[in-house]
Amino acid sequence: MARVLFDHVTKRFGEVVAVNDLNLEVTDGEFLVLVGPSGCGKSTTLRMLAGLDAITEGSIYIGDRRVDNVPAKDRDLAMVFQSYALYPHMSVGDNIGFGLKLRGASKSQVRERVERAAETLGIEELLERKPRALSGGQRQRVALGRAIVREPEVFLLDEPLSNLDAKLRVQTRTEISKLHRRLGTTFVYVTHDQVEAMTMATRIAVLNLGLLQQVGPPQELYERPANVFVAGFIGSPSMNFFQPVVRSEGETLRLDMHGLSIEVPARWVPGLLPYDGRPIVLGVRPEHIHDPAYLPSGVLPASIRATVDVTELMGNETFLHLDREGTRFLARVDPRTQATPAQEAEVVIDVSRMHAFDPETEQRIEAQAAPAEASGTEAVS
C-alpha cells in the first residue's frame, strides 16, 4: 500500500493543456475517484501515474519514491482498463496468472495467487473456461483478478464498468467496493459517471478542462459544492439554476425572479448582503422541490407556480419538468402527485437547502452555520 502525490503536475499535448498544475494527494489505502466530463483530463492523469504518458512539468510520487522517470513496469501498479483485454486462447486461470509467469514466479506461487484472487472475486468455478464462455461481468472480474494477483501498491481503474449493462454496472461496482475494503490497497478510479463516484469513493476529485475543481468526501461535494460546475455535475438529476436579483427590505433580504419574491433565510443574509440590487446564481436540487400535498417535515417553504411540460413516473418518485416564464427546471416529487402535463402546478422549494454562487466567478457564496429555521416563508406568485 502507498500514498500517491501529484505535485504541480502539468501535461501538454502541443498547445493543448490536458492537465494544468495538478496538486493532489491520495492517501494510503484510499479509494479516490477522478470524475469529470470527456476531455477534462482524468484519464490523462491516470496514464501519467501509470507511466503511459510522460508529464510535462511537476513531479509524481508513489510512497516516498519519485516516479517521473521510472518505467511503467517498475512502478508497482496494476491497471484495469475499459476493455477487458483478455487472451482468447487462454483459460481464465492462465489469463489471471500470465503476468506473474512473465515476472518469473514459480508455478506454485502462480497457482496459489490465482486461486486466492479467484476466491476473492467469486470466480473459482470459471478458472478452466475460455473468455468467450463468460459474460461481460465475469470478464471484468477476470481482468480485476489479473490485477489482484500482482499485489501492487496501487490499483488504477480506467472506466472499468462502461462496457457493462445497467444491472451489471450496479453489481460490479458493489463488488469493486467490497474488494477495496478486503484488500485495503490504494485505489485510483476514473469515471465520467458521477453516480459511480458518489457510491464508491472515499473522496472524489472533480476535474474540468484540466483543472482540479474540488476534492473531498462525496457528501461534502453534494452539500457544499465549491462552484457552479461542481454543483451541476455532482447529483443526479443535476441541480437547477436560477438567476434572481437580491433585494433588501429592512433587515431582511429577498430574491426576486419571474414575479416571485422569496425571503432569504437569516443565515444567508451576511453572505448575500453585498449582492443587494445585483443578480446571483441560485441553485436548488430537484429533490428539494416538492409537491405541497406531500411536503416532508423540516422544509422551509417557498411556493412557485409553473407549467408542467412532462411527467416521468419512476416508481418510487416522479420527475416533473417545469417551465416558469421560459426558465425550465426539474422537481423530484412524491409519486402520488396529481400534476399533469400542460397544466399549471404549484411546487414548493425548500429554501433551507438552497445554494448560492457569484454570477461572475461562479464560486460558492457561504452561509453562516446555522440555527434551525423556526418558521417558513412563502413566495408571492
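Here the structure is a predicted model, which is why all the values come from computation and not from measurement. Every residue gets a number counted from 1 within its own chain, in the order that chain's sequence is written. This being a predicted model, a pLDDT of at least 70 is required before a residue's local features are given, and a value of 80 or more before pairs of side-chain atoms are given or counted; all residues contribute to the totals for chains, interfaces and linings. Hydrogens are left out, water is left out, and the side-chain values use all remaining heavy atoms of the structure.

**A short note on helix 1 (residues 42-50)**
It helps to recall that an α-helix has 3.6 residues per turn; residues three or four apart then point in one direction.
(1) Moving on: Of all the 9 residues making up helix 1, 7 are buried; the element is thus mostly covered by neighbouring parts of the structure.
(2) Moving on: For each residue, the accessible area found with a 1.4 Å probe, counting protein chains only, is set against the maximum for its type, and the residue is called buried under 20%, exposed over 50%, and partly exposed in between. Strands are runs of DSSP state E lasting at least 2 residues, helices are runs of H or I lasting at least 4, and numbering of each runs from the N terminus. Taken residue by residue, helix 1 has Lys-42, Thr-44, Thr-45, Leu-46, Met-48, Leu-49 and Ala-50 as its buried positions.

**Observations regarding helix 4 (residues 136-148)**
(1) Moving on: Take the number of residues in a helix, subtract one, and multiply by 1.5 Å to get its expected span. Spanning 13 residues, helix 4 covers 18 Å between terminal C-alpha atoms, matching the ideal 18 Å at 1.5 Å per step.
(2) Moving on: Judged by how many residues are buried, helix 4 sits mostly within the fold: 10 of 13 residues are covered.
(3) Moving on: Throughout, a contact is declared for two residues whenever any of their heavy atoms are within 4.5 Å. Residues of helix 4 that are buried in the fold lie against strand 6 (77-80), helix 2 (92-102), helix 3 (107-121), strand 7 (154-158) and helix 5 (166-183).

**Re the nonpolar core**
(1) Moving on: The definition of a nonpolar core used throughout is a set of buried Ala, Val, Leu, Ile, Met, Phe, Trp, Tyr and Cys residues joined through side-chain atoms within 4.5 Å. Ranked by size, the top nonpolar core spans 44 residues in total, and within it Ile-96, Leu-157, Ile-176 and Tyr-189 carry the most contacts.
(2) Moving on: If we ignore the near neighbours within four places in the chain, the residues touching Ile-176 are Phe-31, Leu-144, Leu-157, Pro-160, Leu-161, Phe-187, Tyr-189 and Met-200.
(3) Moving on: The next biggest cluster of nonpolar side chains, apart from the first, holds 35 residues, and it includes Leu-253, Val-269, Leu-320 and Ala-367.

**Comments concerning the sheet that holds strand 14 (residues 260-263)**
(1) Moving on: Strand order across the open sheet formed by 3 strands is 12-13-14, with antiparallel pairing between neighbours. Looking along the sheet, the strands with just one partner apiece sit at the ends: strand 12 (245-249) and strand 14. Direction aside, the axes of adjacent strands within the sheet are offset by 35° on average. By this definition, two strands are paired if DSSP reports at least two bridges between them. With axes taken as lines fitted to C-alpha atoms, and helix axes fitted only over the stretch in contact, angles between N-to-C directions fall between 0 and 180 degrees.

**Considerations on the pattern of salt bridges**
(1) Moving on: By definition, a salt bridge exists where a carboxyl oxygen of Asp or Glu is found within 4 Å of a side-chain nitrogen of Lys or Arg. One pass over the full model with this rule turns up 21 salt bridges.
(2) Moving on: Where Glu-25 meets Arg-3, a salt bridge forms, and the shortest distance between an N and an O atom there is 3.3 Å. Pair noted here: Glu-25 is in strand 2 (residues 16-26) and Arg-3 is in the segment before strand 1 (4-13), with a separation of 22 residues, a long-range link.
(3) Moving on: Classification of Glu-25 by relative accessible area gives partly exposed; the value is 36%.
(4) Moving on: A relative accessible area of 26% places Arg-3 in the partly exposed class.

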